[in-house]
Each structure stands twice: as C-alpha cells, then as structure tokens.
Amino acid sequence: MTPVLYFLPASPPCRAVMLLAKMIGVDLEYKTLNVMEGEQLRPEFVELNPQHTIPTLDDHGLVLWESRVILSYLVSAYGKDESLYPKDFRSRAMVDQRLHFDLGTLYQRVVDYYFPTIMVGAHLDQTKKAKLAEALGWFDAMLKQYQWAAANHFTIADVTLCVTVSQIEAFEFDLHPYPKVRAWLAKCKEELEPHGYMDINQTGAEALAGLFRAKLKQ
C-alpha cells in the first residue's frame, strides 16, 4: 500500500515533502485538498488530522503532519543512507536546529508578512517586512558555518529552507543584501533540478506568488 499525501501543489510545506519523496524515490499517492475552498474541514479529514493542516501523510496508519516531521520520517524510513538526516547526534542536532529555524522563524515570518494578503486581501505590514528581512540576515550569517545550511553536504534542512527562500524570491522580495543566501539558493536549485525542482517547486512558487499579486491589486 502506497503512503498517501494530502496536499495542495502551491503550498510550500507540501512542495518540500514532494521534492524529498522524489529525491529518495518514494512513491506517494497524492490527494489534493483545496484549503482555499475549505476542503480540509471535511469530517473524514478532520478525523484523520484534528488540526486539519496540510501536508498530512498517512503511511499505513501512521498519520503525520508538520512538513519538517514528515521530511525526517520519510528519509529515516525510506532513505538509502543517512546523508540527508545524519544519525550522529551532533550532526543531526544541527539539521534539527535549521528545521526549527525554518518552521518557527523564517517560514513563519513569510506567512506573517504575505499570507494576510493572500487569504483576505489585507494590506502589507512594513513591520512584518522588517522582521522577514531580519530573519534572512540571520540565515545569511548561519551560512558562514558550512557549505550547505546545516552541514558540508546537502540535507533535509536544505530542502525545506530552499522551498521557503525560493518562495520569498518568487514574491520578489529583495535578496540582494544576502549574498550567501543567494549563492546557497542557486546551489540548491542545481541539486534539486534532477528531482523535479521546476515542476514541483518553481511552478508552485510562481502560482502562489501570482495569487499574492492578484490579491494585492484588489
């Protein structure tokens, strides 16, 4: 039985899971949930995930949500080696730190700044823009430590952070002040291109950015 992923193509967290699945060769059954239309509130989905968020993974009765948890699970369960999520506890702690930075800081600030406009057409808040710029500055400083986001090789931290930063780029946020972020993002795109980067991530990023721009004009 194939693991099932409940998703929406334009959702950045969903795209991170899809990219990793492609990268490690895991076949998923995809079930679309249009959260803009409230499909995540259907009783059968709420029964599966009381928080009714996407992505949600159902792997033979193991139901997980929060994309970074799904990433670590998939690579632990189906990865061919430990390079994407090292077993060494010190190395893994660094990957986990970057995953949590993406979840709680960088991606959260993307959501805080852009999603009120996407969801309800709200005006952009310049204070929230400054917060996002601050987080990008922190990430630029972090990239001085390793060749990639969390190690000297590509990990799942790069997957989720690449999706976040590429979405920021698609929203046309100025990345010029962050040279290490720009160089790292270019490397990530090259690394992920054989695994469907354009079809999975770039297309989704542009779709979400297009929705944002349409709402901004209203």
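Residues numbered from 1 in each chain as written. Predicted model: local features only at pLDDT ≥ 70, side-chain atom pairs only at ≥ 80, totals over all residues. Heavy atoms only, no water.

Under an unreviewed UniProt entry, the name given to the protein chain is glutathione transferase, and the source organism is Aedes aegypti. The heading Catalytic activity (unreviewed entry) in the UniProt record of the protein chain holds the text "RX + glutathione = an S-substituted glutathione + a halide anion + H(+)". In UniProt, the protein chain has this text filed under Subunit (unreviewed entry): "Homodimer." (UniProt positions renumbered as here; feature names shortened; annotations may be inferred.)

Colleague: Would you mind going over the overall build of the protein chain in detail, with residue names and values included?
Modeller: A tally of regular secondary structure across the protein chain gives eight helices and four strands. When the helices and strands of the protein chain are listed from N to C terminus, the series reads β-α-β-α-β-β-α-α-α-α-α-α. The C-alpha atoms of the protein chain give 17 Å as radius of gyration, which agrees with the globular expectation for 218 residues (17 Å, within 12%). Overall size of the protein chain, expressed as C-alpha extent along the three principal axes, is 45 × 45 × 30 Å. In the protein chain, which comprises 218 residues, the proportion classed as buried is 48%. A separation threshold of at least 6 residues defines the contact pool for the protein chain, and within that pool the share at least 24 residues apart is 68%. Carbon and sulfur atoms provide 54% of the accessible area of the protein chain, an area that totals close to 10600 Å². Computing the positive centroid from 22 side-chain charges and the negative centroid from 27, the protein chain places the two 6 Å apart. (Helix = DSSP H or I, 4+ residues; strand = E, 2+ residues; numbered from the N terminus. Rg over C-alpha atoms; globule rule 2.2 N^0.38 Å. Buried < 20%, exposed > 50% of the residue type's maximum accessible area, 1.4 Å probe, protein only. Contact = heavy atoms within 4.5 Å. Areas by Shrake-Rupley, 256 points an atom, 1.4 Å probe, with all protein chains shown as cover. Lys, Arg positive; Asp, Glu negative; His and termini not counted. Charge placed at Lys NZ, Arg CZ, Asp CG, Glu CD.)

Colleague: Any chance you could break down the packing of helix α1 (residues 12–24) against helix α8 (residues 197–217) for me, citing the residues and the numbers?
Modeller: Here α1 crosses α8 at 175°, and the two axes come no closer than 9 Å. Looking at the two axes, α1 sits roughly antiparallel to α8. Across the interface between the two elements, Pro12, Arg15, Met18, Leu19 and Lys22 from α1 touch Tyr197, Ile200, Asn201, Gly204, Ala205 and Leu208 from α8. Residues of the contact of α1 with α8, tallied by class, amount to seven nonpolar, two polar and two charged. (Axes fitted to C-alpha atoms, helices over the stretch in contact; angles between N-to-C directions. Parallel < 35°, antiparallel > 145°, perpendicular 65-115°, else oblique. Nonpolar A, V, L, I, M, F, W, Y, C, P; charged D, E, K, R; others polar.)

Colleague: So what's going on with the pattern of salt bridges? Residues and values would help.
Modeller: Per the stated rule, a full pass over the model turns up five salt bridges. For Arg68, the salt bridge is made with Asp102, and the minimal N-O distance between the two is 2.9 Å. Of this pair, Arg68 sits in helix α3 (residues 67–78) while Asp102 sits in helix α4 (residues 89–120); the two residues are 34 residues apart in sequence, bridging distant segments of the chain. Each of the two residues, Arg68 as well as Asp102, counts as buried. (Salt bridge = Lys/Arg side-chain N within 4 Å of Asp/Glu carboxyl O.)

Colleague: Describe the domain arrangement of the protein chain, listing the residues and the values that go with them.
Modeller: Accessible area lost on assembly of the parts is the figure often given for the size of an interface. As far as domains go, the protein chain holds domain 1 (4–78) and domain 2 (89–217). Each of domain 1 and domain 2 has a C-alpha centre, and these two points are 20 Å apart. Between domain 1 and domain 2, the contact holds 18 residues from the first and 25 residues from the second. Overall, the association of domain 1 and domain 2 removes approximately 1900 Å² of surface from exposure, summing both partners, and the carbon and sulfur fraction of that is 76%. Between the two partners, domain 1 and domain 2, sit one salt bridge. Here domain 1 and domain 2 share four residue pairs in polar contact (both at pLDDT 80 or more) between them. Elements with a contribution of two residues or more to the side of domain 1 that touches domain 2: α1 and α3. Tallying contributions element by element places α1 first for the side of domain 1 that touches domain 2, with nine residues. (Domains from an automatic or database assignment. Buried area = accessible area lost by both parts, 1.4 Å probe. Polar contact = N/O pair within 3.5 Å; in protein donor to acceptor, adjacent residues only side chain to side chain.)

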